[in-house]
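# Structure assessment
Each chain is listed here by its residues.
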Amino acid sequence: MFRWMFTVFVAVTILSSAQPWLSRLGVGRLPGDLRLRWRGKEYVFPFASTVVLSVLGMLLMRFL
């Protein structure tokens, strides 16, 4: 269980630090992605982008 928690923590940290770069590629701006502004902060919930990236990753792994 500790390994999974550590893996999720590392993945969230890497993706959070890469968010400005990923937003230039269009991640987080698809229809179905939610952007909320609350008290001067912007929160991004990239539901559609997550599905697209998961499908692309699955296809990449399948063909390699």
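Look a little higher up for the structure.
Please read these numbers as outputs of a predicted model, since none were measured by experiment. (Residues numbered from 1 in each chain as written. Predicted model: local features only at pLDDT ≥ 70, side-chain atom pairs only at ≥ 80, totals over all residues. Heavy atoms only, no water.)

## Examining the packing of aromatic side chains
Keep this limit in mind: Classification of ring pairs rests on two measures: the distance between centres of Phe, Tyr or Trp rings, Trp counted by its six-membered ring, which must be within 6.5 Å, and the angle between planes, read as stacked under 30 degrees, edge-to-face over 60 and tilted in between. Numbering of helices and strands runs from the N terminus, with a helix taken as a DSSP run of H or I at least four residues long and a strand as a DSSP run of E at least two residues long. Each residue is assigned to one of three classes by its accessible area relative to the maximum for its type, calculated with a 1.4 Å probe on protein chains only: buried under 20%, partly exposed between the two thresholds, exposed over 50%.
Summed over all chains, the structure comprises 2 aromatic pairs. Between F2 and F6 the ring centres are 6.4 Å apart and the planes differ by 20 degrees, which places this aromatic pair in the stacked class. Taken together, the positions of F2 and F6, both in helix α1 (residues 2-17) and 4 residues apart, correspond to about one turn of that helix. By relative accessible area, F2 is classed as exposed at 63%. Each ring, one from F45 and one from F47, has its centre 6.3 Å from the other, and the planes form 10 degrees; the classification is stacked. Residue F45 is classed as partly exposed on the basis of its relative accessible area of 37%.

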